[in-house]
Amino acid sequence: MKKNIIISLIFLFLGFFGGVFYREYTKSIRFVNIYTPLGLVHVHFLALGVILILVLGLVAKNLSSYHKKLYNVSLIGYSVGVFMTGVMLFVRGIFHCESIANSLEVSAMQEGIISGISGISHIVLSVFLILIFISFLIKKKETSEIEGGRE
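Residues numbered from 1 in each chain as written. Predicted model: local features only at pLDDT ≥ 70, side-chain atom pairs only at ≥ 80, totals over all residues. Heavy atoms only, no water.

Draft legend 1. Summary view of the overall build of the protein chain. The helix and strand tally for the protein chain stands at 5 helices and 0 strands. Its helices and strands taken in sequence order, the protein chain reads α-α-α-α-α from the N to the C terminus. In the protein chain, which comprises 151 residues, the proportion classed as buried is 31%. Contacts in the protein chain between residues at least 24 apart in sequence constitute 84% of all its contacts with a sequence separation of at least 6. (Helix = DSSP H or I, 4+ residues; strand = E, 2+ residues; numbered from the N terminus. Buried < 20%, exposed > 50% of the residue type's maximum accessible area, 1.4 Å probe, protein only. Contact = heavy atoms within 4.5 Å.)

Draft legend 2. Here's a closer look at the packing of aromatic side chains. Enumeration over the complete set of coordinates arrives at 8 aromatic pairs. With a centroid separation of 6.0 Å and an interplanar angle of 25 degrees, the aromatic rings of phenylalanine 17 and phenylalanine 21 are classed as stacked. Taken together, the residues span about one helical turn, with phenylalanine 17 and phenylalanine 21 both in helix H1 (residues 2-28) at a distance of 4 residues. A relative accessible area of 52% means that phenylalanine 17 is categorised as exposed. When its relative accessible area of 24% is taken as the criterion, phenylalanine 21 is described as partly exposed. Among the aromatic residues, ring-to-ring pairing joins Phe17, Phe21, Tyr25 and Phe90 into one connected group. (Phe/Tyr/Trp six-rings, centres within 6.5 Å; stacked < 30°, edge-to-face > 60°.)

Draft legend 3. View of the side chain of serine 8. Looking at the secondary structure, you find serine 8 in helix H1. Relative accessible area serves as the criterion here: at 4%, serine 8 is assigned to the buried category. In this view, serine 8 contacts Gly49, Val50, Ile53 and Leu54; residues no more than four positions away in its chain are not counted.

Draft legend 4. Examining unusual backbone geometry more closely. With phi around 60 degrees, arginine 30 is a residue other than glycine that occupies positive phi space. Mapped onto the secondary structure, arginine 30 falls in the loop between H1 and helix H2 (40-62).

Draft legend 5. Expanded view of the environment of isoleucine 114. Along the chain, the position of isoleucine 114 falls in helix H4 (residues 108-137). Residues isoleucine 114 and phenylalanine 95 lie 19 residues apart in sequence; the distance between their C-alpha atoms is 9.9 Å. Once you skip the residues sitting within four places of it in the chain, isoleucine 114 turns out to touch Met88, Val91, Arg92 and Phe95.

Draft legend 6. A look at the packing of H1 against helix H3 (residues 68-101). Taken N-terminus to C-terminus, the directions of H1 and H3 make an angle of 5 degrees; their axes are 12 Å apart at the nearest point. The angle between H1 and H3 falls in the class roughly parallel. The residues of H3 that touch H1, namely those facing Lys3, Asn4, Ile7, Phe11, Leu14, Phe21, Tyr25 and Thr26, are Tyr71, Asn72, Leu75, Ile76, Ser79, Val82, Phe83, Phe90, Ile94, Cys97 and Glu98. Class assignment for the residues of the contact of H1 with H3 results in 13 nonpolar, 4 polar and 2 charged. (Axes fitted to C-alpha atoms, helices over the stretch in contact; angles between N-to-C directions. Parallel < 35°, antiparallel > 145°, perpendicular 65-115°, else oblique. Nonpolar A, V, L, I, M, F, W, Y, C, P; charged D, E, K, R; others polar.)

Draft legend 7. Representation of H1 in the model. Compared with the 39 Å implied by 1.5 Å per residue over 27 residues, the 39 Å span of H1 between its first and last C-alpha is a close match. Of the positions making up H1, those classed as buried are Asn4, Ile7, Ser8, Phe11, Gly15, Gly18, Gly19, Tyr25 and Thr26. Its buried side turned inward, H1 meets H2 and H3. Where H1 terminates, the next one or two residues include arginine 30, which has phi positive at roughly 60 degrees. (Expected span 1.5 Å × (residues − 1).)

What follows is the structure, given as structure tokens:
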């Protein structure tokens, strides 16, 4: 559970930073009531990085038996996926704001790269979240089963 709390705390600060940056940056370029993906960074880090990781930790703590090694590896992979997703929302948001505020042209290749990495980050996030749930379903083998070959 301590690992979940530490990871959640990191995402809490990233979420706070994302929210403050979004608010101050859009004010500085005089964006008012204009949608930008930059506003989603805050929400993604807080919902996926803080709330869900804490809930998963509570579930793991209350299970009598689960595959801890798979859970720990999957939690790290999931955290990487959340981080990648937030970073790509940040990048897409900056490009979006700059394209409107400063007439920055985003090429098809740049858009493709951003979309591709965003897609990969969502796949990583999804795969490891599924593995976390699988780790909850797999019962850890008892030591007597391993040593004696009995059930």
